[in-house]
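Chain by chain, the residues run as shown.
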Amino acid sequence: VQLQASGGGLVQAGDSLRLSCEASVGTFRRYTMGWFRQAPGKEREFVAASKGSGGSTFYADPVKGRFTISRDNAKNMVYLQMNDLKPEDTAVYYCAADNSMISSSIRYENQYDYWGQGTLVTVSS
């Protein structure tokens, strides 16, 4: 399984950005896809996730109402639409995948077997 994240960049506070992650997997729709981020000097944290079965979505409290995760199972793609970006959203964003996720574990990075390389998002004030 290979994950390729893209779409990061330098934006101003209040701007929007869409991250993309392409997954090289056999049956993408079965995979839970997650986005995590790691800010400078901080631990990696959960951002959002999309269950493969049923399409349920989950969000971390700091991004609820501003970020939207979506997926295109036909293209093996998952997206993170980020609106109203804030300087505290500055981080390297990683996409992750797992094909045996239960909902109660979806926020924990150690539950994901596969990780992309990360894409940097910088939000200036």
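Structural data are supplied above this passage.
Please read all numbers here as calculations on a predicted model, not as lab measurements.

Caption draft 1: Fine view of the sheet that holds strand β7 (residues 67-72). The four strands are arranged β1-β3-β8-β7 in an open sheet whose pairing can be described as antiparallel. Of all the strands in the sheet, just β1 (2-6) and β7 have a single pairing partner and so form its edges. Going from strand to strand, the sheet's axes swing by 15° on average, the running direction of each strand aside.

Caption draft 2: How the structure looks around the pattern of salt bridges. Following the criterion strictly, the structure yields six salt bridges and no others. Two residues, Arg66 and Asp89, come together in a salt bridge whose shortest N-O distance is 2.7 Å. Linking Arg66 in the loop between β6 (57-59) and β7 with Asp89 in the loop between β8 (77-82) and β9 (91-98), this pair joins segments that are 23 residues apart in sequence. Comparing Arg66 with Asp89, the two get one shared label, buried. When salt bridges with common partners are traced through the structure, they connect Arg37, Glu45, Arg66 and Asp89 into a single cluster.

Cut-offs and rules
- Residues numbered from 1 in each chain as written.
- Predicted model: local features only at pLDDT ≥ 70, side-chain atom pairs only at ≥ 80, totals over all residues.
- Heavy atoms only, no water.
- Pairing = 2+ DSSP bridges.
- Helix = DSSP H or I, 4+ residues; strand = E, 2+ residues; numbered from the N terminus.
- Axes fitted to C-alpha atoms, helices over the stretch in contact; angles between N-to-C directions.
- Salt bridge = Lys/Arg side-chain N within 4 Å of Asp/Glu carboxyl O.
- Buried < 20%, exposed > 50% of the residue type's maximum accessible area, 1.4 Å probe, protein only.

Note that every value here comes from positions in space, so none of it alone points to a role or purpose.
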